[in-house]
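Chain residues, written in single-letter form:
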Amino acid sequence: MNHTSAPIGVLGGGLGGLAAACTLAARGHEVILFERNLWLGGKAAVLQEQGFRFDMGPTILTLPSVLRRIFNEAGRPLERHLELVRLDPQWRCFFEGGSTLDLLAEVEAMAGAIDRFAPGCGGGEGYRRFMRLARKLHDISDRYFFWRSIGGMRDMFDARATFKPGTLKDVLAMRMGSTVGGTLRAHIRDPRVTQMLDHYTQYVGSAPDASPAVLCGIANMQSQEGVWYPLGGTGAVPRALARLAAELGVDLRAGTGVRRILTRNGAVAGVETDAGEQVPLSALVSNADSVRTHRELLNGAAQTRFERRRRYEPACSGVVLYLGLKKGYDHLLHHNFVFSRDPHEEFETIYRRGEPAPDPTAYLCAPARTEPEVAPPGGEALYVLVHTPYLRPHHDWKVRFPEYRRVILDKLKRVAGLEDIEERIVFEASLTPQGINDRYHVLNGAIYGLASHGRFFGAFKPGNRSPDVRGLYLAGGSAHPGPGMPMVLMSGWIAADTLDRDLAGATDGSTPRGRNTPRPALTPAA
């Protein structure tokens, strides 16, 4: 049953926007989704050329329970819409000097692998202790942080419960003031193993020595629920969500950009499209970058309050190579990391100096290991990602890219055993931080929204219910709970659930905006 006279808008057809649209439509709301690009899925786009198919953005799917919850909103089993293949080992690690280590899902198996990889260091037992801590931090996140709108510490805990012994114990267990990097090194001494585990923070585009220890919970999430590959690639996820949205009656308007959010008396009243059409709305979920939403689509007091609330640091950006190989490499797994010689130098250069690392870590996705159809017979659609700083004014990637491409390929030849990679390339495309910025309209080319830096409050992003404009809700990697496929999908669900609950509360004893009241002319946000 529709709860309002005007539809609800969703701005942006990325994973968070699609999740919000499906959830709202499944609960009976009339929904219009506006997407400036001609495709749906945001960064989860697909490149198809010369018989190769590449996932252009995210390639690692974890926490499938989040996706399952969204489909359950409509009473649809996820398995009828997506075929998921579990990957274990989850990824292969290549280190300087020629050593390799596979990340295994099961804790005991991984602990044994660490002891064989670095004998005499006690790494296996240290890993067990670290994973027990990760399980505890994941449990705290599930109870206090996930599945509801959170913008800061005070949103996590009920004021009456804050000083109860159990709650205080949970607060202390969050290890506030500690970092991911410091916590790892307190448990495990081998630098290669800690370098492998450091990279859980790369899901959020942040440095492990500057990210809060609560993010160690990511390790348990991945171990517990696994790493998955959707047949058809990760692009199959937004395609399935778009089909579900259409079946639920969502008005999907691809190729329709929005240039202004319109308000009345401090509340959302509609949007104005790039073509000048004013569309009345009862509420709006913005899946656009939260900072750019406020800076570019709002103005006046709402924008000022948002800017004053905190400093908004973009997460890192990256260089992506899409390499069509005439012959694949049998020693690669589906997911692979080729690690830098010195993680401290790497993170210092990227996150503090704001320059590309001279010897970077490269992530490689070789999906033909799992789905041969991504390439011509015997070939590989190799995806290579190297993290870089977000865009600075002096960065000119047209000039920098050729040299940095050479740095990346030399790294793969030297450390990952891809000595003849250039002879195998028959198709190549790329994205630089400037290209990411222009294509996806994100903050300073950031891949992962806002950085998670800060020992105490780094995990917090803008909350899903805007405190600045009534009826405005936020989703995506730059809103709570943050970046990465499952978190972005969860953000859309949270925004939709919060909006739905707010509207349900408004119907009891009061008239919701727009139900039986005249609607004066829409005005730009102020």
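Since the structure is predicted, the reported quantities are computational estimates derived from the model, not experimental observations.

Cut-off values and rules
Residues numbered from 1 in each chain as written. Predicted model: local features only at pLDDT ≥ 70, side-chain atom pairs only at ≥ 80, totals over all residues. Heavy atoms only, no water. Salt bridge = Lys/Arg side-chain N within 4 Å of Asp/Glu carboxyl O. Helix = DSSP H or I, 4+ residues; strand = E, 2+ residues; numbered from the N terminus. Contact = heavy atoms within 4.5 Å. Phe/Tyr/Trp six-rings, centres within 6.5 Å; stacked < 30°, edge-to-face > 60°. Buried < 20%, exposed > 50% of the residue type's maximum accessible area, 1.4 Å probe, protein only. Lys NZ or Arg CZ within 6 Å of the ring centre and 35° of its normal. Arc of directions from axis to C-beta. Pairing = 2+ DSSP bridges. 1 Å grid on protein atoms, 1.4 Å probe; cavity = no way out; pocket = protein on both sides within 12 Å on 5 of 7 lines; lining within 4 Å. Points joined across faces, edges and corners; volume = space filled by probe spheres on them. Core = buried A, V, L, I, M, F, W, Y, C linked by side-chain atoms within 4.5 Å. Axes fitted to C-alpha atoms, helices over the stretch in contact; angles between N-to-C directions. Left-handed = near helix turned anticlockwise from the far one by under 90°. Nonpolar A, V, L, I, M, F, W, Y, C, P; charged D, E, K, R; others polar.

A. Summary view of the pattern of salt bridges. As enumerated under the stated definition, the model contains 40 salt bridges in all. The shortest N-O distance in the salt bridge between Asp359 and Arg414 comes to 3.0 Å. With Asp359 in the loop between helix H13 (343-353) and strand S17 (362-365) and Arg414 in helix H14 (residues 397-415), the pair connects residues that are 55 residues apart, well separated along the chain. Connected via shared salt-bridge partners are Glu96, Arg341, Glu345, Asp359, Lys411 and Arg414.

B. Quick look at the environment of Leu67. Its location among the elements puts Leu67 in helix H2 (residues 64-73). Taking C-alpha positions, Leu67 is 9.6 Å from Trp493, a pair spaced 426 residues apart along the chain. The residues touching Leu67, leaving out its near neighbours within four places in the chain, are Leu78, Leu82, Val237, Leu241 and Leu489.

C. Spotlight on the packing of aromatic side chains. Inspection of the entire model under this criterion finds 16 aromatic pairs. Both rings, one in Trp397 and one in Tyr404, keep their centres 6.1 Å apart while their planes meet at 70 degrees; by these two values the pair is edge-to-face. Note on Trp397: relative accessible area 3%, which makes it buried. Taking the relative accessible area as the measure of exposure, Tyr404 reaches 8% and is therefore buried. Taken together, the ring pairs connect Phe52, Phe54, Trp91, Phe95, Phe117, Tyr200, Tyr322, Phe337, Phe339, Tyr363, Tyr383 and Phe427 into an aromatic cluster. Sitting above the plane of the Tyr390 ring, Arg392 keeps its charged end 3.7 Å from the centroid. Directly above the ring of Tyr329 sits Arg424, whose terminal nitrogen or CZ lies 3.8 Å from the centroid.

D. Up close: helix H16 (residues 433-440). Among all positions of H16, only Pro433, Ile436, Asn437 and Tyr440 are buried. What you see down the axis of H16 is that its buried residues fit within an arc of 100 degrees, all on one side. Just downstream of H16 lies His441, where phi reads positive at about 60 degrees.

E. Spotlight on the sheet that holds strand S6 (residues 84-87). The strand order S5-S9-S6 describes an open sheet built from three strands, whose pairing is antiparallel. On the outer flanks of this sheet lie strand S5 (61-62) and S6, each paired with one strand and no other. Pairing between S6 and strand S9 (residues 227-230): four bridges, direction antiparallel. Bridging from a neighbouring strand, Arg86 pairs with Trp228 of S9.

F. Geometry of empty space enclosed by the protein. Evaluated as defined, the whole model comprises four cavities of 30 Å³ or more. In this model, the largest cavity occupies a volume close to 60 Å³. Forming the boundary of the largest cavity are Arg53, Phe54, Asp55, Thr59, Tyr229, His334, Cys365, Pro367, Ala381 and Tyr383. When residues of the lining of the largest cavity are traced back to their parent elements, those giving at least two are strand S4 (52-55) and strand S18 (380-388). The dominant element in the lining of the largest cavity, judged by the number of residues it contributes, is S4, at three residues.

G. Just the side chain of Ser141, in detail. Its place among the elements puts Ser141 in helix H4 (residues 123-144). Look at Ser141 and you get buried, because its relative accessible area is 5%. Residue contacts for Ser141: discarding those within four places in its chain leaves Phe146 and Val214.

H. Inspection of the nonpolar core at higher detail. By size, the foremost hydrophobic cluster in this structure holds 93 residues, and its most contacted members are Met196, Leu382 and Ile421. At seven residues, the largest contribution of residues to this core is made by H14. Those residues in contact with Met196 that lie beyond four places of it in its chain are Trp91, Cys93, Leu101, Leu103, Met110 and Phe339. In this structure, Val10, Ala236, Ala240 and Leu489 belong to the second largest nonpolar core, which totals 52 residues.

I. Geometry of the environment of Val237. With respect to the secondary-structure elements, Val237 resides in helix H10 (residues 236-247). With residues near it in sequence (within four places) discarded, Val237 still touches Leu15, Leu67, Leu82, Pro230 and Met485.

J. Looking closely at the pairing of strand S12 (residues 267-273). S12 sits mainly inside the fold: seven of its seven residues count as buried. As paired elements, strand S11 (residues 258-264) and S12 share six bridges and run antiparallel to each other. From the neighbouring strand, Thr263 faces S12, where its bridge partner is Val268. Two successive antiparallel strands, S11 and S12, enclose a turn made up of two residues, where Asn265 displays a positive phi of approximately 55 degrees. Two strands pair when backbone bridges link them, and S12 and strand S13 (residues 278-280) are joined in this way by three bridges, in the antiparallel orientation.

K. Expanded view of unusual backbone geometry. With an omega of 10 degrees, the peptide bond running from Asp88 to Pro89 counts as cis. With respect to the helices, strands and loops of the structure, Pro89 is situated in the loop between S6 and strand S7 (91-94). Omega for the bond connecting His480 with Pro481 falls within 30 degrees of zero, at 0 degrees, which places this linkage in the cis form. Residue placement: Pro481 occurs in the loop between strand S20 (472-474) and helix H17 (485-506). In this structure, Asn265 is a non-glycine residue whose phi angle is positive, near 55 degrees. By secondary structure assignment, the location of Asn265 is in the loop between S11 and S12. Asn265 sits in the exposed class, given a relative accessible area of 70%.

L. How the structure looks around helix H9 (residues 217-225). Taking burial as the measure, the nine residues of H9 include eight buried ones, the bulk of the element. Remark: Gly226 follows H9 within two positions and exhibits a positive phi of approximately 90 degrees.

M. Local environment of the packing of helix H11 (residues 290-297) against helix H12 (residues 301-309). Between H11 and H12, the least distance of the axes is 9 Å, while the angle of their chain directions is 145 degrees. For the pair H11 and H12, the crossing hand works out as left-handed. Between H11 and H12, the contacting residues are Ser290, Val291, His294 and Arg295 on the first element and Ala302, Gln303, Phe306 and Glu307 on the second. When its residues are assigned to classes, the contact of H11 with H12 shows three nonpolar, three polar and two charged.

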